[in-house]
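Next come the chains, spelled out residue by residue.
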Amino acid sequence: MSDIPSEPLRLDAFQSDNWSSSTTPVAILNTESTLHQRIAYCWGLANQLHIFSDFLVQHENSEIRQVAQQYLSQLQPLVNLLNKLGTDTRPAEA
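1. Quick notes on the overall build of the protein
Item 1. In terms of helices and strands, the protein carries 2 helices and 0 strands.
Item 2. Buried residues in the protein amount to 16% of all 94 residues.
Item 3. Look at the contacts in the protein between residues 6 or more apart in sequence, and 42% of them connect residues 24 or more apart.
Item 4. When the accessible area of the protein is evaluated, it comes to approximately 7600 Å², of which 58% is carbon and sulfur surface.

2. So, the environment of Ala46
Item 1. Residue placement: Ala46 occurs in helix H1 (residues 35-56).
Item 2. With 30 residues separating them along the chain, Ala46 and Gln76 place their C-alpha atoms 8.7 Å apart.
Item 3. Not counting the four nearest positions on each side in its chain, Ala46 is found in contact with Leu75, Leu78, Val79 and Leu82.

3. A closer look at the side chain of Ser33
Item 1. Here Ser33 is to be found in the segment before H1.
Item 2. The exposure class assigned to Ser33 is buried, which follows from its relative accessible area of 16%.
Item 3. Engagement of the side chain of Ser33 in a polar contact is seen with the backbone oxygen of Asn30, the distance being 2.7 Å.

4. Here's the deal with the pattern of salt bridges
Item 1. A full pass over the atoms with the stated rule returns 1 salt bridge.
Item 2. Where Asp88 meets Lys84, a salt bridge forms, and the shortest distance between an N and an O atom there is 2.8 Å. Highlighted residues: Asp88 and Lys84, both in helix H2 (residues 62-89), separated by 4 residues, approximately one helical turn.
Item 3. Accessibility expressed as a relative area gives 47% for Asp88, which makes it partly exposed.
Item 4. On the basis of relative accessibility, which here comes to 48%, the residue Lys84 falls in the partly exposed class.

Here is what the cut-offs are and how they apply
Note on numbering: residues in each chain are counted from 1, in written sequence order. The model is predicted, so local features are restricted to residues of pLDDT at least 70 and side-chain atom pairs to those at 80 or more, both for listing and for counting; the totals for chains, interfaces and linings are taken over all residues. To obtain the side-chain values, all non-hydrogen atoms of the structure were included, while hydrogens and water were left out. Strands are runs of DSSP state E lasting at least two residues, helices are runs of H or I lasting at least four, and both sets are numbered from the N terminus onward. When accessible area is computed with a 1.4 Å probe and restricted to protein chains, residues below 20% of their type maximum are described as buried, those above 50% as exposed, and intermediate ones as partly exposed. Two residues qualify as a contact provided that any one of their heavy atoms is within 4.5 Å of a heavy atom in the partner residue. Method for areas: the Shrake-Rupley scheme with a 1.4 Å probe, in which residue coverage is limited to the protein chains shown. Polar contact is the term for a pair of N or O atoms within 3.5 Å; when the atoms are in protein, one must be able to donate a hydrogen and the other to accept it, and sequence-neighboring residues count only if both atoms are side-chain atoms. We define a salt bridge as a side-chain nitrogen of Lys or Arg found within 4 Å of a carboxyl oxygen belonging to Asp or Glu.

Listed below in structure tokens is the structure:
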């Protein structure tokens, strides 16, 4: 069983659907990418969400602060795990 689905794996989060109902993905997983590169991509996405949530924790609205804190509490371990997996899968330096 292959870890790559027969359909292209979308990476564009459907962000391109706002003007067109096309089902063709704009960004897809490069099947030639390594596990390390895939982990690095996911780490980047999770880290951006972590930074955004960290910013919102400072918001004047207490409800926004509470939601942001909930996101932070979930994103921090995810970023840490992806960082560890990235370290574990980093190719050896030549």
